[in-house]
Amino acid sequence: MSGVWLVVAPGTRAERVVRVNDRVHIGRDCSGIDPSRRVIVDDPAVSRDHAEVQVVSGSAFLVDHSTNGTRVNGRRVERGERVALVDGDTITIGDVRIALRATGVVVETDDARRTIAADSVDECVVLVGDVVGYTGLTEVHGAAAVGAAVDGLFRELRRIVVGHLGTVSNFAGDAILAVWEHAVDARAATAAVQCAHEAHRYATDAATLTTVRYADGGPIRFGWSVTTGPVATSHPSPARIAVHGDAVNLAFRLAGLAGRGELAPLLIESAVVDLASDAASYGDELSLAVKGRQLPARVRPVIG
């Protein structure tokens, strides 16, 4: 019989063999999905709607939507990545293994049909929030405890960025990176500065509720920066957009200085202040030596 089938190992509440007509959802709940189009995996490590297998014109794909991840033939795929499947591939979700069987159809890879995302260079505003003393925190509390605390903060920080119409480009362990495009939003600089201010207030309050503390007993702190300039985008993988440029490098450097010593926790490049003079109350301009740059950076702290 022709078709694409999922052969589900024991440990699920679904049929052992499930046909994929167009798509099948896999997860712990898959609420609202017709029973014939879902595979329920009874495992606490599995998200409610963990992943889906799609069949389009005889080609099969997997898309991961989960927090804990999905593996195809042992490789953990990126969240949101569209992975081409072929007959005999094994999908691992939690402790459950699901084999793909394709009979009577040609299951092709999507390489020939994949849209190539064009790289570009645009004038952007860049925001970086960096955890102060992250290395020391992980040394004392361990990676799991610090990761859980920071992830909890990052989830809400992402919502704040989106609320200010920004795009989160990356989470780098101890930092969040977001961008706004001038061409898309004339108020990009204002939105980024206001976002940084709101994010700082939220993180300051929320960190007091976590058990992860510095040696002096204080809660987790962030340093924040906002810069502007030409930013190049690239696509190192289907699920990731990388951004490059002096504005990005400077934002990371300034965030690594903010909130340390006598410096304020929010440092805004003066070029951004010129574009967003009413977005916040600023202190006097500072000239800061920044590692890797020949010229000092001109910044103004946010006060109040």
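Residues numbered from 1 in each chain as written. Predicted model: local features only at pLDDT ≥ 70, side-chain atom pairs only at ≥ 80, totals over all residues. Heavy atoms only, no water.

Some points on the nonpolar core
Here comes step 1: Grouped together as the largest cluster of nonpolar side chains are 42 residues, with contacts concentrated most on W180, V193, I220, F222, W224, V226 and Y282.
Here comes step 2: Residue assignment for this core shows that the elements contributing at least two residues are β12 (120-131), α2 (143-163), β14 (175-181), α3 (188-207), β15 (222-237), β17 (266-269) and α5 (270-275).
Here comes step 3: Counting residues per element, this core draws most heavily on α3, at eleven residues.
Here comes step 4: Grouped together as the second largest cluster of nonpolar side chains are 25 residues, A51, V53, V77 and I93 included. (Core = buried A, V, L, I, M, F, W, Y, C linked by side-chain atoms within 4.5 Å. Buried < 20%, exposed > 50% of the residue type's maximum accessible area, 1.4 Å probe, protein only. Helix = DSSP H or I, 4+ residues; strand = E, 2+ residues; numbered from the N terminus.)

Describing the pairing of strand β13 (residues 167-171)
Here comes step 1: The pairing of β13 with β14 spans four bridges and is classified as antiparallel. Each residue of the ladder has a partner; that of T167, found in β14, is V179.
Here comes step 2: Linkage of β13 to β14, two consecutive antiparallel strands, is achieved through a turn of three residues, within which G173 is found at a positive phi near 75°. (Pairing = 2+ DSSP bridges.)

Digging into α3
Here comes step 1: Under the 1.5 Å per step criterion, the end-to-end length of α3 is 28 Å for 20 residues, consistent within 8% with the ideal 28 Å.
Here comes step 2: Of all 20 residues making up α3, 14 are buried, and the element is well covered by its neighbours. (Expected span 1.5 Å × (residues − 1).)

Description of the packing of helix α1 (residues 134-141) against α2
Here comes step 1: Interaxial distance between α1 and α2 falls to 7 Å at its minimum, and their mutual angle equals 130°. Of the possible angle classes, the one that applies to α1 and α2 is oblique. In this structure, α1 contributes Y134, L137, T138 and H141 to the contact, and α2 contributes A143, A145, V146 and V150.
Here comes step 2: Residue composition of the contact of α1 with α2, grouped by class: six nonpolar, two polar and no charged. (Axes fitted to C-alpha atoms, helices over the stretch in contact; angles between N-to-C directions. Parallel < 35°, antiparallel > 145°, perpendicular 65-115°, else oblique. Contact = heavy atoms within 4.5 Å. Nonpolar A, V, L, I, M, F, W, Y, C, P; charged D, E, K, R; others polar.)

Points about the pairing of strand β2 (residues 17-20)
Here comes step 1: Residue alternation in β2 divides its side chains into a buried set, V18 and V20, and an unburied set, V17 and R19.
Here comes step 2: Strand direction decides the pairing type here: strand β1 (residues 3-8) and β2, joined by four bridges, are antiparallel. If you follow V4 over to β2, its bridge partner there is V20.

A word on the sheet that holds strand β8 (residues 75-76)
Whenever strands of a sheet pair, they do so through backbone hydrogen bonds, lying parallel or antiparallel.
Here comes step 1: In space, the six strands of this open sheet follow the order β2-β1-β11-β10-β7-β8, with antiparallel pairing throughout. Each of the sheet's edge strands pairs with one partner strand only, and the pair in question is β2 and β8.
Here comes step 2: Both strand β7 (residues 71-72) and strand β10 (residues 90-93) contribute to a ladder of two bridges, which runs antiparallel. Note on β10: the bridge partner recorded for R71 is T92.

Quick look at the sheet that holds strand β3 (residues 23-27)
Here comes step 1: Across the sheet, five strands lie side by side as β4-β3-β5-β6-β9; this open sheet has mixed pairing. Both outer strands of the open sheet, β4 (38-40) and β9 (82-85), are each paired with one neighbouring strand and no more. Shown here is a sheet whose adjacent strand axes are inclined to one another by a mean of 20°, direction ignored.
Here comes step 2: Across three bridges, the pairing between β3 and β4 is parallel. Along β4, the bridge assignment pairs G27 with I40.

Re the confidence of the model for the protein chain
Here comes step 1: Looking at the protein chain, pLDDT values average 87 and 90% of them are 70 or higher.
Here comes step 2: In the predicted structure, residues 109-118 sits below a pLDDT of 50 and forms eleven contacts with residues beyond four places in sequence or in another chain. (pLDDT = per-residue confidence, 0-100.)

Considering the packing of aromatic side chains
Here comes step 1: The full count for this structure, using the stated rule, is two aromatic pairs.
Here comes step 2: Taking 6.1 Å as the distance between ring centres and 65° as the angle between the ring planes, the aromatic pair formed by F154 and F222 counts as edge-to-face. Of this pair, F154 sits in helix α2 while F222 sits in strand β15; the two residues are 68 residues apart in sequence, bridging distant segments of the chain. Judged on exposure class, the residue F154 and its partner F222 are both buried. (Phe/Tyr/Trp six-rings, centres within 6.5 Å; stacked < 30°, edge-to-face > 60°.)

Some remarks on unusual backbone geometry
Here comes step 1: Here the phi dihedral of C30 falls at roughly 50°; this positive angle occurs in a residue that is not glycine.
Here comes step 2: Mapped onto the elements, C30 comes out in the loop between β3 and β4.
Here comes step 3: A relative accessible area of 1% means that C30 is categorised as buried.
Here comes step 4: Residues other than glycine seldom take positive phi values, yet N73 does so here, at roughly 55°.
Here comes step 5: In this structure, N73 sits in the loop between β7 and β8.

Observations concerning helix α4 (residues 246-255)
Here comes step 1: Taken together, the buried positions of α4 are A247, V248, L250, A251, L254 and A255. Down the axis, α4 shows its buried residues gathered within 165° of arc, on one side only. (Arc of directions from axis to C-beta.)

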